Amino acid sequence: MSALPVTADKTRYTLPAIGLHWVIALLIIGMLCLGYYMVGIPKGIPGRAVYFNLHKSLGVLAGALILLRLGWRLAHRPPPLPRATSRPMARAAQWSHGLLYLCMLLQPATGFLSSSFNKYGIKFFGLALPNWAWEDKHLRELFMSYHQSIAIAFIALIVIHVLAACKHLLIDRDRIFGRMLP
């Protein structure tokens, strides 16, 4: 018998996993859109800081939820793939999910580090978080370049993930899509 609990319905994800998936997905997509928009706002424009502070607040929230999701995922075995799933497709699913989790961890971490090395720090919905670093333009820009590069990879992985979900729903009709629906 396995030490990891499985869902009552072994073909579906647990309700907490489903809830975390959709909340985090909406947060991530919203932050990617907001991030793309806000970097185009010229400095000195009134209200610019509002967008940056909202992005940072949502990033801290997403980071906490991602850690919760990762903990849940490590403690709860996902439902198995259908037996008809080919080995290459199972490997592709395993790799793409692993890369999505990697981006989910690195994206908020690099954003947090970049913000930690600037004079403004991080405010979580108006509450200033402790500043664990010092002002350093070089390190701030280094972590920001990582943050931006990971965003591009993240977008590509999300597109692949959505296309794969659509393939399961419309072409394969193998019920994999329904495993993540509430």
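Residues numbered from 1 in each chain as written. Predicted model: local features only at pLDDT ≥ 70, side-chain atom pairs only at ≥ 80, totals over all residues. Heavy atoms only, no water.

J.: Can you tell me about the overall build of the chain, naming the residues and giving the values?
T.: Within the chain one finds four helices and two strands. A principal-axis box enclosing the C-alpha atoms of the chain has dimensions of 55 × 35 × 25 Å. Taking all 182 residues of the chain together, the buried fraction comes to 30%. Sequence-distant contacts in the chain: of pairs separated by 6 or more residues, those separated by 24 or more amount to 74%. (Helix = DSSP H or I, 4+ residues; strand = E, 2+ residues; numbered from the N terminus. Buried < 20%, exposed > 50% of the residue type's maximum accessible area, 1.4 Å probe, protein only. Contact = heavy atoms within 4.5 Å.)

J.: How would you summarise the side chain of Lys-56 if you had to cite specific residues and measurements?
T.: Following the sequence through the fold, Lys-56 ends up in helix α2 (residues 48-75). Leaving out residues up to four positions away in the same chain, Lys-56 has contacts with Ser-115, Asn-118, Tyr-120, Gly-121 and Ile-122.

J.: Can you tell me about the state of the cysteines, naming the residues and giving the values?
T.: Per the counting criterion, the structure on display carries zero disulfides. Here Cys-33 stays free of any disulfide, with the sulfur of Cys-103 as its closest cysteine sulfur at 16 Å. On the basis of relative accessible area, Cys-33 is assigned to the exposed category, the value being 52%. No disulfide involves Cys-166; its nearest neighbouring cysteine sulfur is the one of Cys-33, lying 17 Å away. (Disulfide = S-S within 2.5 Å.)

J.: Requested: an account of helix α3 (residues 87-116), with residues and values cited.
T.: Relative to the 44 Å expected for 30 residues at 1.5 Å per residue, α3 spans 43 Å between its end C-alpha atoms, a close match to the ideal helical length. Looking at the buried positions of α3, the neighbouring elements they touch are α1 (15-38), α2 and α4 (137-172). (Expected span 1.5 Å × (residues − 1).)

J.: An account of a nonpolar patch on the surface is needed here, citing residue identities and associated values.
T.: A contiguous nonpolar patch, built from Trp-95, Leu-99, Leu-102 and Leu-106 and spanning about 400 Å² of accessible area, is present on the exposed surface. Structurally, the position occupied by Leu-99 is in helix α3. A relative accessible area of 35% means that Leu-99 is categorised as partly exposed. (Patch = residues over 30% accessible without salt bridge, like charges linked within 9 Å, V, L, I, M, F, W, Y side chains within 5 Å. Areas by Shrake-Rupley, 256 points an atom, 1.4 Å probe, with all protein chains shown as cover. Salt bridge = Lys/Arg side-chain N within 4 Å of Asp/Glu carboxyl O.)

J.: Go over the nonpolar core, please, and point to the residues and values.
T.: Considering soluble globular proteins, one finds that nonpolar side chains tend to be buried as a cluster. Core analysis: the largest hydrophobic core is formed by 19 residues, its most contacted members being Ile-24, Ile-28, Met-104, Phe-154 and Ile-158. Counting residues per element, this core draws most heavily on α1, which supplies six residues. If we skip the residues at most four places from it in the chain, Ile-28 touches Met-104, Phe-154 and Ile-158. (Core = buried A, V, L, I, M, F, W, Y, C linked by side-chain atoms within 4.5 Å.)

J.: So what's going on with unusual backbone geometry? Which residues, and what values?
T.: For Phe-125, which is not glycine, the phi torsion reads 50° and is therefore positive. Structurally, Phe-125 can be placed in the loop between β1 (123-124) and β2 (127-128). Within the chain, Arg-173 stands out as a residue other than glycine whose phi angle is a positive 50°. For Arg-173, a relative accessible area of 67% gives the class exposed.

J.: Could you give an account of the packing of α1 against α4, with specific residues and numbers?
T.: Running from N to C, α1 and α4 point in directions that differ by 130°, and their axes come no closer than 12 Å. Comparing their axes, α4 and α1 come out oblique. You can see that α1 and α4 cross each other, and the crossing is left-handed. Seen from α1, the contacting residues are His-21, Ile-28 and Leu-32; seen from α4, they are Ala-151, Phe-154, Ile-155, Ile-158 and His-161. (Axes fitted to C-alpha atoms, helices over the stretch in contact; angles between N-to-C directions. Parallel < 35°, antiparallel > 145°, perpendicular 65-115°, else oblique. Left-handed = near helix turned anticlockwise from the far one by under 90°.)

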